[in-house]
Structure formats: structure tokens, C-alpha cells
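For reference, the chains in residue letters:
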Amino acid sequence: SAEPAPPMGAPKLAGPVALQQALPDRLVMPAIYVDIPVVELGWSTTQKENQVFSEWDVAEYAAGWHKNSAQLGESGNVVMSGHNNILGSVFRELDQLKRGDAITVWAGSQSFQYEVDKVMIVPEKYATPEQRKDNASWIGPFADDRLTLVSCWPRDDNTHRIIVVAHTKR
């Protein structure tokens, strides 16, 4: 006989144990010697000439978890950003990550394991509006379980973005 579906909002099962949805507080990337705190990031809005502009807040000496992205333990895109050349330079070495490198995100004593799938460098400063829209799509929602890390690149100019996509380690 079939079992009834869990009630709406019930935690999803990951193997034999149910993972609780959680907010990240630590990011570890052994391949590039990174072990840093994670803080929640929101955004600020300003109005100029009758137009409203939104801009992400910035994390200082930490990775910033985008509060409108997925939480740990739920399906979707967990998005974090960090600086590469100021305020701790926590994402300075993202370009050294390679496919298969391990990333662990912690929420208290619970760890979430990811494996790097892609490291991409995309134009930003001189990008067309279409390119910027494509760039921004990487921090949007996805149906799979992924972690996306974003920073400026290169280290001395910030004309591009570096985007690292990692998927839940199975």
C-alpha cells in the first residue's frame, strides 16, 4: 500500500534522516584554504529621478548569504557573495577552485556538502544589458540543490564576475 504524502511544509528527506532547513553560518573550502563566517545579506533601495534602484548590501570579512535564495536543506539555489580585494578578500581565490573540489556549508553543527561543478568568469563592467541579465540569472532560482558563489574579478580591476556553481554531494 502507498504511504500518504507528507504535509505541506514538512522537511524533505535526505536519505534516512530529515534535514532541517537552516541558515548558513560558516563556509569551508579546503582546496583554497577558506574557512569563514557567513552573514545574512539583504538589499537597500534608493530613489533617483523618480526611479527606484535596488543594490545588495555587502558582507565585511565574511561571505554573504542572499536572504532571498534557498536555505540549506531545501531544494534550490543557495547564493553567497564575497569580496575579492577589499573587506577581508574572502573570495580572492575562487578562481583557483576546480571541478570536483569540496565545499562545506555549516548551519550550527549541521553540515551540507557540495562539489564544485563550474567556475565561470563573465563580463560585467562593459557587458551589454543582455549579458548582465544572463549573468544575474545564475543567482536566481533553480530546481536542483546547488550553491552559487559570486565575486568580482580580476583581483585588481573588478571588470568581470566570477561565478562558482557547486551541487549537493551525493
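The rules behind each value
Residues numbered from 1 in each chain as written. Predicted model: local features only at pLDDT ≥ 70, side-chain atom pairs only at ≥ 80, totals over all residues. Heavy atoms only, no water. Helix = DSSP H or I, 4+ residues; strand = E, 2+ residues; numbered from the N terminus. Buried < 20%, exposed > 50% of the residue type's maximum accessible area, 1.4 Å probe, protein only. Contact = heavy atoms within 4.5 Å. Areas by Shrake-Rupley, 256 points an atom, 1.4 Å probe, with all protein chains shown as cover. Pairing = 2+ DSSP bridges.

Here we take up the overall build of the chain. For the chain, the count of helices and strands is 1 helix and 12 strands. When the elements of the chain are put in sequence order from the N terminus, they spell out β-β-β-β-β-β-β-β-β-β-α-β-β. The buried share of the chain, taken over its 170 residues, is 36%. In the chain, 59% of the contacts between residues at least 6 apart in sequence involve partners at least 24 apart. Approximately 10300 Å² of the chain is accessible, and the part contributed by carbon and sulfur atoms is 52%.

Our next topic: the pairing of strand 12 (residues 160-168). For a regular strand, side-chain orientation follows a simple rule: the groups alternate between the two sheet faces. When strand 10 (residues 110-123) meets strand 12, the two strands line up antiparallel, connected through 9 bridges. The residue of strand 12 that forms the bridge with Val-116 is Ala-166. Bridging between strand 11 (residues 145-153) and strand 12 involves 8 bridges; their strand directions are antiparallel. If you follow Val-150 over to strand 12, its bridge partner there is Ile-163. Connecting the antiparallel pair strand 11 and strand 12 is a turn made up of 6 residues, with Asn-158 showing a positive phi of about 70°.

In this structure, strand 9 (residues 102-107) lies alongside strand 10, joined through 6 bridges in antiparallel fashion. Counted as the bridge partner of Ala-107 is Gln-110 from strand 10. Once strand 9 ends, the chain turns through 2 residues before running back antiparallel as strand 10, passing Gly-108 with a positive phi of about 65°.

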